[in-house]
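This is what each chain is made of:
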Amino acid sequence: MEWGPALPSNENRPWEIGPRERALFTFIVMVGAFMAILDTTVVDVIVPKLTGPLATDMYGVQWIITSYMIAAAIGLLVCEYLIKNFGSKRVYLAGVALFSLASLACGLSHSLEQIIAARILQGLAEALIMVTSHVMVFSYFPPEKKGLAMGIFALGVSFAPALGPTVGGYLSEYYGWRMVFFINVPIGLLLVVAGLFYLPKDRHLERATLNFLSLFFLSLATIALLIMLSKGQQLGWFDSTLIGMLLYVSVVGYLLYILSELHAKVRLIDFSLFRRSDFTNGILIYFIILGFSMYQYFYLLPIYYEHIKGLPTLDAGIAVFAFALFIGIFSPIAGILSDRIGAKVTIAIASLIYVSTALFLLPRLNYYTPLAQAILLTIPFGIGMGMFFAPVTVLILQSAPEHKSELAIVLMDYVRFVGGSFGTALATNNMEYFKNFHFDRMVEIQNREYVELFLRQFQEFLGLSWEVVQELFRRYELFMSYNYGFSNTFIHAGYWALFGLVFVVALFVAGGKSAGNRRG
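Quick caveat: nothing in here was measured; it's all calculated off a predicted structure.

Participant: For this particular structure, what's the right way to read the overall build of the chain?
Facilitator: Tallying secondary structure elements over the chain gives 18 helices and zero strands in all. For 520 residues, the compact-globule formula gives about 24 Å, and the C-alpha radius of gyration of the chain, at 24 Å, lands near that figure. Principal-axis analysis of the C-alpha atoms places the extent of the chain at approximately 85 × 55 × 50 Å. Here the chain, with 520 residues, has 55% of them falling under the buried criterion. Here the contacts in the chain between residues at least 6 apart in sequence split such that 85% fall between residues at least 24 apart.

What follows is the structure, given as structure tokens:
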């Protein structure tokens with residue numbers, strides 16, 4: 001027996017509900033989405049603190065993040081099949097229940113193997129939650145308010161990850177790292193109960209089939225690619241045999257997937273969607289600007305505050321919260337603008353704000369930047385990002401056929417994971433490269449005699465041994481090279497946003513009237 005109110009008599013118009021029902025349904029769904037995506041960056045904060053409790057090293061605990069990311073990416077690939085066969089409500093509630101149980105298992109873990117196994121289940125659950133919540137929120141609003149719907153949903157997708165460092169820092173500092181996981185349990189249980197009683201029943205189900213061979217090849221390729229991107233810097237990229245093997249497996253996996261799809265009666269992914277120029281450009285904008293560029297700043301800014309400005313974890317999270325607040329404020333504003341002036345124009349405005357910030361403001365951040373000024377410089381980043389997600393989502397979903405909305409959302413989330421993995425790998429690699437570049441350059445231009453004279457005076461003044469003085473100076477050089485390297489890494493992340501503008505321009509160049517520019 002499935003509880004919950006029935007849908008309106010016209011099952012093809014699920015938005016024909018009262019304002020109270022719409023608000024209640026949206027709240028229940030959005031809390032689950034917010035909880036799931038918040039967990040991704042909350043856990044990032046506590047990972048360095050788990051080496052002791054789990055008796056491992058930094059390379060070991062990185063698998064806590066990598067395993068989750070891989071499981072979520074693979075889970076996305078079966079979401080369309082599950083939704084068509086079982087309905088969004090059932091899949092959403094199953095995802096929330098699984099996420100809650102996996103969170104409990106994470107908090108009770110006493111070994112690296114236990115927490116990785118639990119994180120795999122969490123990742124699968126996150127995929128179920130994000131796709132179904134996206135589908136349901138979009139369905140609750142009428143066509144003329146789809147932008148507002150995605151503006152509200154953007155609070156979960158954009159605001160929650162930026163809020164993660166603050167929440168993670170607070171919980172781990174005052175309650176311990178296990179509370180980061182335990183807090184999900186009561187929230188998840190309440191959501192399951194509320195969803196069973198209040199979310200409307202699914203009426204329109206299909207008997208969809210799943211291409212298991214294509215799923216296997218695409219999963220294999222995705223797993224190899226994400227592990228390669230996650231471990232590349234650690235293993236020295238293509239100096240490592242393992243990285244070369246992962247690249248080979250990934251390429252072969254994608255090729256076999258393509259061959260499988262070409263000869264399959266039932267395809268895993270319907271690529272006819274990409275014949276629509278707005279859909280293709282929207283996905284590429286999402287992939288390049290969000291994945292390759294914005295995700296770099298999500299990764300870099302907490303590190304900047306903590307390791308360059310020297311702030312404690314909680315204070316660094318509060319500094320990040322400044323721009324996160326503006327993401328939350330401008331997400332619904334962007335949704336309303338999408339409904340009134342069109343998604344394309346809103347995307348153009350958001351992209352110009354973001355690119356200007358990425359190229360001219362964020363590269364000014366360094367050790368010498370006063371904290372208040374640093375926070376102010378990141379606010380336009382929050383505005384640009386807050387205005388980005390809703391119109392891109394509206395553009396993509398309105399340019400896809402209604403019966404393909406689940407697949408469109410799956411593809412969006414898939415490119416978010418893959419693009420974000422590329423972005424994080426680029427940030428890590430660029431940071432290491434520019435740090436080494438500046439260190440070598442500093443050593444190259446030094447007057448060695450003058451440096452030695454200065455260090456001898458420093459040694460005499462402090463009464464330290466020569467070895468200690470040399471080590472202190474070496475650490476100073478490393479820190480300053482790290483500091484200068486941030487500026488270069490920031491601006492290179494901005495170059496990817498600049499490249500993404502090509503596809504924003506393509507939205508206006510492509511012929512024909514698009515769905516993304518329709519008004520209510």
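Participant: Would you explain the packing of aromatic side chains in this entry?
Facilitator: Each pair of aromatic rings is reported with the distance of its centres and the angle of its planes. In this structure the tally under the stated criterion is 32 aromatic pairs. The interplanar angle of 40 degrees and the centroid separation of 6.4 Å between the aromatic rings of Trp 237 and Phe 238 together place this pair among those described as tilted. Its relative accessible area of 18% is what places Trp 237 among the buried residues. Members of the aromatic cluster, connected to one another through ring pairs, are Tyr 297, Tyr 304, Tyr 305, Phe 323, Tyr 354, Phe 381, Tyr 482, Phe 486 and Phe 490. A cation over an aromatic ring shows up here: Arg 22 above the ring of Phe 141, its NZ or CZ 5.5 Å from the ring centre. If you follow Lys 146 out to its NZ or CZ, it ends over the ring of Phe 138, 4.5 Å from the centre.

Participant: Honestly, empty space enclosed by the protein in this entry has me stumped. Any pointers?
Facilitator: Where empty space is left in the structure can be found by rolling a water-sized probe over the atoms. This structure, assessed with the given rule, holds two cavities of 30 Å³ or more. Each pocket or cavity is described by its volume, and for the largest cavity that value is around 50 Å³. Lining the largest cavity, in full, are Ile 37, Val 157, Ser 158, Pro 161, Leu 290, Tyr 295, Phe 298, Met 385 and Arg 416. Class assignment for the residues of the lining of the largest cavity results in seven nonpolar, one polar and one charged. Its volume calculated, the second largest cavity comes out at about 30 Å³. Surrounding the second largest cavity, Leu 76, Leu 77, Glu 80, Leu 268, Ile 269, Leu 407 and Val 410 form its lining. Across the lining of the second largest cavity, the residue classes break down as six nonpolar, no polar and one charged.

Participant: In this structure, what is going on with the layout of surface pockets? I would like to understand it.
Facilitator: Within this model, the largest pocket holds a volume of roughly 1800 Å³. Forming the boundary of the largest pocket are 50 residues, of which Asp 44, Gln 62, Ile 65, Tyr 299 and Thr 424 lie nearest the centre. Those elements that provide at least two residues to the lining of the largest pocket are helix H1 (19–46), helix H2 (58–76), helix H6 (146–175), helix H9 (212–235), helix H11 (277–308), helix H12 (313–341) and helix H16 (405–445). For the lining of the largest pocket, the leading source of residues is H16, giving eleven residues. Along the lines of polarity and charge, the residues of the lining of the largest pocket split into 28 nonpolar, 14 polar and eight charged.

Definitions and limits used
Residues numbered from 1 in each chain as written. Predicted model: local features only at pLDDT ≥ 70, side-chain atom pairs only at ≥ 80, totals over all residues. Heavy atoms only, no water. Helix = DSSP H or I, 4+ residues; strand = E, 2+ residues; numbered from the N terminus. Rg over C-alpha atoms; globule rule 2.2 N^0.38 Å. Buried < 20%, exposed > 50% of the residue type's maximum accessible area, 1.4 Å probe, protein only. Contact = heavy atoms within 4.5 Å. Phe/Tyr/Trp six-rings, centres within 6.5 Å; stacked < 30°, edge-to-face > 60°. Lys NZ or Arg CZ within 6 Å of the ring centre and 35° of its normal. 1 Å grid on protein atoms, 1.4 Å probe; cavity = no way out; pocket = protein on both sides within 12 Å on 5 of 7 lines; lining within 4 Å. Points joined across faces, edges and corners; volume = space filled by probe spheres on them. Nonpolar A, V, L, I, M, F, W, Y, C, P; charged D, E, K, R; others polar.

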